[in-house]
Every structure is written in C-alpha cells, then in structure tokens.
Amino acid sequence: NAGVTQTPKFQVLKTGQSMTLQCAQDMNHNSMYWYRQDPGMGLRLIYYSASEGTTDKGEVPNGYNVSRLNKREFSLRLESAAPSQTSVYFCASSVVPNQPQHFGDGTRLSIL
Amino acid sequence: AQSVTQLDSHVSVSEGTPVLLRCNYSSSYSPSLFWYVQHPNKGLQLLLKYTSAATLVKGINGFEAEFKKSETSFHLTKPSAHMSDAAEYFCVVSLNAGNMLTFGGGTRLMVKP
C-alpha cells in the first residue's frame, strides 16, 4: 500500500525560483493537508482541503498556493522561493478533518 | 481555541526502563486526542487515539496513554523502552467534527543502551 506519496524527496532552489510539490493519496480520503516542520516548531499547517473542490488557509499560508487537482492529488506551489521557506514539507490525508491523518515521508527543501 | 503542550522537549531513558512522555491540552469540550511517532527522515505514524470510549488507550509497539479529564492530560507510557523507540513523539488534539488537528511541539525520546 502506497498511502501518501510525495515528490520530490529532496530539492534545492535559488531565491526567487518557483516550484510545485506534489502529493497523492490512494486511500480515498476526503481531506488533505500541507504542513511544514522546522526545528523546535513542531508541525505547522500551511493549507488544507477538507474535501475535493475546497481549499483553506492554515496557520502559515503566506508565500504558498495550493491546488486540489482531484480527490487524490493536492499540490503546494512556491511562486518565489525565499530562504525562510527552507523546511521539511509534509503532506497528509484523512477521511474527514478531525480524524487521524496519514503522512507522506516528506520533501526536504533548501532555498539558497 | 484548542492547544496542546508537551511538557518535555527531550526525554532520555535507559533500555528496559519505563517511558513517560507528558502532554496537557486546553479545551472546553471533550477532545479527540492522538499520539504520533516520527522516526528520522520519515513521516508521522499514528501510535494511538482517544475518542471518548475507554480512558486507557492501547496503541502499537506496547505504548499506551491515559486520558484524565480532571487534569486535562494525555500522557504516553511504555513499561520497557527499546532502542527502536528512539524517535520524536507528537501529542495532537482535535476539538470536534470539522476541527483541524493541533500538534504539540514534540518530545524527542533518546534510549541509552
């Protein structure tokens, strides 16, 4: 079972470059999420999609955009990368918003 | 607003000794509570969840947690630590249907041989 798949696993960008992080789940979950994880900060919610066709801002949305392409896929876009966006990004999915979430293995993003 | 506090950022135990990872939450309602584990360079994995049934919840790998409403706590325990338990642990709370999960800051568990 693949679960939640994130691509790429690693990426290095230069300041100002753009990039899209991809996420797909094969569990027929309705809700999907993007988090960033920074040392000592735990996980912070960037954007989420409670159901197909809807997206909402989380705790730290500035500098990011998302697209819920279909029920399986939820992408995160950095339009103009900044060094402050260096982080590990996790995608997750759940049946509905307050139920346990299943996580991908993360994308490690460095912005120089 | 809901919040969750993990009282220790780091916990160190010897192999074979008990583990206690502490978590307190703030909520005016009966929450759903979860513990997740994260091994190095991996995503988070669900250890156990509390959803208003039994107050003592058993999870995977010998872990369990007790919901204490009077103390607003949901501490994670294991009778005997194993080297493979070394990881970061997150306490997570959700207030009610439709509410997002709120993550604690994490506790890094170190297990000494």
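Going by the structure above, here's the rest.
Residues numbered from 1 in each chain as written. Chains lettered and ligands numbered in written order. Predicted model: local features only at pLDDT ≥ 70, side-chain atom pairs only at ≥ 80, totals over all residues. Heavy atoms only, no water.

### Things to note about the pattern of salt bridges
All names here are of chain B. For the coordinates displayed, the defined rule picks out eight salt bridges over all chains. Residue Asp-8 is joined to Arg-22 by a salt bridge in which the shortest nitrogen-to-oxygen separation is 3.0 Å. Of this pair, Asp-8 sits in the loop between strand S1 (3-6) and strand S2 (10-14) while Arg-22 sits in the loop between strand S3 (19-21) and strand S4 (23-26); the two residues are 14 residues apart in sequence, bridging distant segments of the chain. Residue Glu-88 is joined to Arg-108 by a salt bridge in which the shortest nitrogen-to-oxygen separation is 2.9 Å. (Salt bridge = Lys/Arg side-chain N within 4 Å of Asp/Glu carboxyl O. Helix = DSSP H or I, 4+ residues; strand = E, 2+ residues; numbered from the N terminus.)

### Some points on the environment of Lys49(B)
Note on placement: Lys49(B) falls in strand S6 (residues 44-50). For the pair Lys49(B) and Cys91(B), spaced 42 residues apart in the sequence, the C-alpha separation amounts to 9.9 Å. Among residues more than four places away in sequence, those in contact with Lys49(B) are Gln99(A), Pro100(A), Leu33(B), Phe34(B) and Val57(B). (Contact = heavy atoms within 4.5 Å.)

### A word on the sheet that holds strand S8 (residues 74-78) of chain A
In a beta sheet, neighbouring strands pair by backbone hydrogen bonds and run either parallel or antiparallel. Residues and elements named next belong to chain A. A sheet is described by the order of its strands in space; here four strands give the open sequence S1-S3-S8-S7, paired in antiparallel fashion. Single-partner strands in this sheet number two, and they are strand S1 (4-7) and strand S7 (64-68). Strand-to-strand twist of the sheet, defined as the mean angle between neighbouring strand axes without regard to direction, takes the value 15 degrees. Pairing analysis gives three bridges linking strand S3 (residues 19-25) to S8, with the strands arranged antiparallel. If you follow Leu-21 over to S8, its bridge partner there is Leu-76. (Pairing = 2+ DSSP bridges. Axes fitted to C-alpha atoms, helices over the stretch in contact; angles between N-to-C directions.)

### Re the side chain of Glu88(B)
All names here are of chain B. By the secondary structure assignment, Glu-88 is in strand S10 (residues 87-94). In this structure the side chain of Glu-88 is engaged in a polar contact, spanning 2.9 Å, whose partner is the side chain of Arg-108. Discounting chain neighbours no more than four positions away, the residues touching Glu-88 are Tyr-36, Val-37, Gln-38, Gly-105, Gly-106, Thr-107 and Arg-108. (Polar contact = N/O pair within 3.5 Å; in protein donor to acceptor, adjacent residues only side chain to side chain.)

### Points about unusual backbone geometry
A negative phi angle is the norm for most residues apart from glycine, just as the trans form is the norm for most peptide bonds. With an omega of -5 degrees, the peptide bond between Thr7(A) and Pro8(A) qualifies as cis. Relative to the helices and strands, Pro8(A) resides in the loop between S1 and strand S2 (10-13). In this structure, Asn41(B) is a non-glycine residue whose phi angle is positive, near 60 degrees. When you line up the elements, Asn41(B) lands in the loop between strand S5 (32-38) and S6. Its identity as a non-glycine residue notwithstanding, Thr72(B) has a phi of 45 degrees, on the positive side. For Thr72(B), the location among the structural elements is in the loop between strand S8 (64-68) and strand S9 (73-78). On the basis of relative accessible area, Thr72(B) is assigned to the partly exposed category, the value being 28%. (Buried < 20%, exposed > 50% of the residue type's maximum accessible area, 1.4 Å probe, protein only.)

### A closer look at the packing of aromatic side chains
With the rule as written, the count across this model stands at 11 aromatic pairs over all chains. Residues Tyr36(B) and Phe103(B) carry aromatic rings whose centres are separated by 6.1 Å and whose planes lie at 40 degrees to one another, so their mutual orientation is tilted. Within this pair, whereas Tyr36(B) is found in strand S5, its partner Phe103(B) is found in strand S11 (residues 102-103), the two being separated by 67 residues in sequence. Each of the two residues, Tyr36(B) as well as Phe103(B), counts as buried. Consider the rings of Tyr50(B) and Phe67(B), whose centres lie 4.2 Å apart with planes at 20 degrees: the pair is stacked. Here Phe67(B) lies in strand S8 and Tyr50(B) lies in strand S6, a separation of 17 residues in the sequence. The same class applies to Tyr50(B) and to Phe67(B), which are both buried. Connected via pairs of aromatic rings, a cluster forms that spans Tyr33(A), Tyr35(A), Phe103(A), Tyr36(B) and Phe103(B). (Phe/Tyr/Trp six-rings, centres within 6.5 Å; stacked < 30°, edge-to-face > 60°.)

### Comments concerning the interface of chain B and chain A
The interface is formed by 20 residues belonging to chain B together with 17 residues belonging to chain A. Of the roughly 1500 Å² buried at the junction of chain B and chain A (both faces included), carbon and sulfur atoms supply 60%. The largest contributions to the chain B side of the interface with chain A come from Leu44(B), Met100(B) and Phe103(B), which together make up 34% of the buried area. Joining chain B to chain A, the criterion identifies one salt bridge. Close ionic contact of Lys42(B) with Asp105(A) constitutes a salt bridge, the shortest N to O distance being 3.9 Å. Viewed at the interface, chain A and chain B are joined by three residue pairs in polar contact (both at pLDDT 80 or more). Residue composition of the side of chain B that touches chain A, grouped by class: nine nonpolar, nine polar and two charged. (Buried area = accessible area lost by both parts, 1.4 Å probe. Nonpolar A, V, L, I, M, F, W, Y, C, P; charged D, E, K, R; others polar.)

By themselves, these observations are geometric and do not establish any function.
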